[in-house]
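# Reading the structure
One-letter residues, chain by chain:
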Amino acid sequence: MPADGIRYKRVLLKVSGEALMGKRDYGLDPEMVTTVAEEVKAVVALGVQVCLVIGGGNIFRGIRGAATGMERATADYMGMLATVMNALGMQSALERLGVHTRVQSAIPMASVCEPYIRRRAIRHMEKGRVVIFAAGTGNPFFTTDTAAALRASEMGCDALLKGTQVDGVYTADPKKDPNATRYERLTYLDVLARDLQVMDASAISLARENRIPILVFSIHTPEAFAEVMAGRGKFTIISEEKE
Ligand code: UDP
């Protein structure tokens, strides 16, 4: 059972590939991967069941490949393979910290990790293991944001967490516009209607249909993930009602 004051029993954290890049312009920054792993460890210690979806944008994006003339579907498969590399990097960092993990890939890779099996993933979490979902949805033309909303729905998560570069959703990019203000609460429809760049529209719609609140927080603020689990700290919550 989660510790006192913890609002969620099972959550999915989406971490973009870019977040794992740290200050580099390509690939993984081991320090940053360890930092994220520490954040996850702190939440597991609160008794929350955690699963992760890791992006691949730090290595390869399908759109980028398609722009060079590659067939889009092929480029997207390369993007999905990139997420597997990131998932293995995250697994290694978590296990070094003593957190038990399993990687499950939507594209079966028998000698590297488990295939995605919904009921098995749930069982792992019930046993206190962190499940890292790799290869997105396994389908081209999708993103890992959609994979995150899909897996959160399948796992029956109470919340979908998105760790970003800033501490929530802003009216404009706060790194470019000093007058940008942070929203405390938004509805799914607000995000879609105002075209706020949080997650892509299919991810938002899927979370909405399955009534999974999306919590957007900064992956760079120490202990922010654990704070959000207790309803503290800075974040934006996206749900059906503004209240
Ligand atoms: N991708 C895909 N299907 C999926 C998830 C991802 O084809 O279900 C591919 C797509 O090419 C994408 C790449 O994998 O560009 C990396 O994922 P994403 O861009 O979502 O990573 P992030 O932006 O979160 O780092």
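Before reading on, note that the structure itself is shown above.
All figures in this text were calculated on a predicted structure; none of them were measured in a lab.

Its volume calculated, the largest pocket comes out at about 1300 Å³. Lining the largest pocket are 50 residues, and of these Lys14, Arg61, Asp145, Lys162 and Val198 sit closest to its centre. Mapped onto the lining of the largest pocket, the elements with two or more residues apiece are helix H2 (62–67), helix H3 (72–96), helix H5 (144–155), strand S6 (159–164), helix H6 (188–193) and helix H7 (201–209). At six residues, the largest contribution of residues to the lining of the largest pocket is made by H3. When its residues are assigned to classes, the lining of the largest pocket shows 20 nonpolar, 19 polar and eleven charged.

Close to the ligand lie 20 residues, the nearest being Arg61, Asp76, Thr137, Asn139 and Thr144. Gly17 is positioned with one of its backbone polar atoms (N or O) 2.7 Å from an oxygen atom of the ligand. Within the side chain of Thr144, a nitrogen or oxygen atom sits 2.5 Å from an oxygen atom of the ligand. Out of a free accessible area of 520 Å², the ligand has 93% covered by protein chains. Of all the cavities here, the one that holds the ligand is the largest pocket. Counting residues per element, the shell around the ligand draws most heavily on H3, at three residues. Tallied by class, the residues present in the shell around the ligand amount to five nonpolar, twelve polar and three charged.

Let us now look at the pattern of salt bridges. In this structure the tally under the stated criterion is 15 salt bridges. One salt bridge connects Lys14 with Asp145, and the closest N-O pair in it is separated by 2.7 Å. Placement of Lys14 in strand S1 (residues 10–15) and of Asp145 in helix H5 is noted, with a sequence separation of 131 residues between them. Per residue, the accessibility class of Lys14 equals that of Asp145, and both read buried. Where Glu227 meets Arg232, a salt bridge forms, and the shortest distance between an N and an O atom there is 3.3 Å. By relative accessible area, which is 27% here, Glu227 ends up partly exposed. Classification of Arg232 as partly exposed rests on a relative accessible area of 48%.

What follows deals with the nonpolar core. Grouped together as the largest cluster of nonpolar side chains are 44 residues, with contacts concentrated most on Leu52, Met90, Leu161 and Phe225. Mapped by element, the contributors of at least two residues to this core are S1, helix H1 (30–45), strand S2 (49–54), H3, strand S5 (130–134), S6, strand S8 (214–218) and helix H8 (224–229). If sequence neighbours within four positions are ignored, Leu161 has contacts with Val11, Leu12, Leu13, Lys14, Leu215, Phe217, Phe225, Val228 and Met229. Core analysis: the next-biggest nonpolar cluster, separate from the first, contains 31 residues, Ala149, Met155, Cys157 and Ile238 among them.

With that settled, the discussion passes to the packing of H1 against H3. Close contact between H1 and H3 brings their axes to 9 Å; oriented N to C, the two are set at 60 degrees. Considering their axes alone, H1 and H3 lie oblique with respect to each other. As for the relative orientation of H1 and H3, their crossing is right-handed in sense. Residues Val33, Thr34, Val36, Ala37 and Val40 of H1 touch H3, and the partners they reach there are Gly89, Met90, Ala93, Leu94 and Arg96.

Every buried residue of H7 is listed here: Ala203, Ile204 and Ala207. Down the axis of H7, the smallest arc covering the buried residues is 100 degrees, so these residues share one side. Elements in contact with the buried residues of H7: H5, H6 and S8. Of the residues one or two after H7, Arg211 is the one with positive phi, at around 55 degrees.

So, on to the pairing of S8. Counting buried positions over the five residues of S8 gives five, a clear majority of the element. Across the two faces of S8 the burial is the same, with Ile214, Val216 and Ser218 and Leu215 and Phe217 all buried. Taken together, the five bridges between S6 and S8 define a ladder with parallel strand orientation. If you follow Lys162 over to S8, its bridge partner there is Val216.

Basis of the calculations
Residues numbered from 1 in each chain as written. Predicted model: local features only at pLDDT ≥ 70, side-chain atom pairs only at ≥ 80, totals over all residues. Heavy atoms only, no water. 1 Å grid on protein atoms, 1.4 Å probe; cavity = no way out; pocket = protein on both sides within 12 Å on 5 of 7 lines; lining within 4 Å. Points joined across faces, edges and corners; volume = space filled by probe spheres on them. Helix = DSSP H or I, 4+ residues; strand = E, 2+ residues; numbered from the N terminus. Nonpolar A, V, L, I, M, F, W, Y, C, P; charged D, E, K, R; others polar. Near = heavy atom within 4 Å. Polar contact = N/O pair within 3.5 Å; in protein donor to acceptor, adjacent residues only side chain to side chain. Areas by Shrake-Rupley, 256 points an atom, 1.4 Å probe, with all protein chains shown as cover. Sits in = over half its atoms within 2 Å of the grid points. Salt bridge = Lys/Arg side-chain N within 4 Å of Asp/Glu carboxyl O. Buried < 20%, exposed > 50% of the residue type's maximum accessible area, 1.4 Å probe, protein only. Core = buried A, V, L, I, M, F, W, Y, C linked by side-chain atoms within 4.5 Å. Contact = heavy atoms within 4.5 Å. Axes fitted to C-alpha atoms, helices over the stretch in contact; angles between N-to-C directions. Parallel < 35°, antiparallel > 145°, perpendicular 65-115°, else oblique. Left-handed = near helix turned anticlockwise from the far one by under 90°. Arc of directions from axis to C-beta. Pairing = 2+ DSSP bridges.

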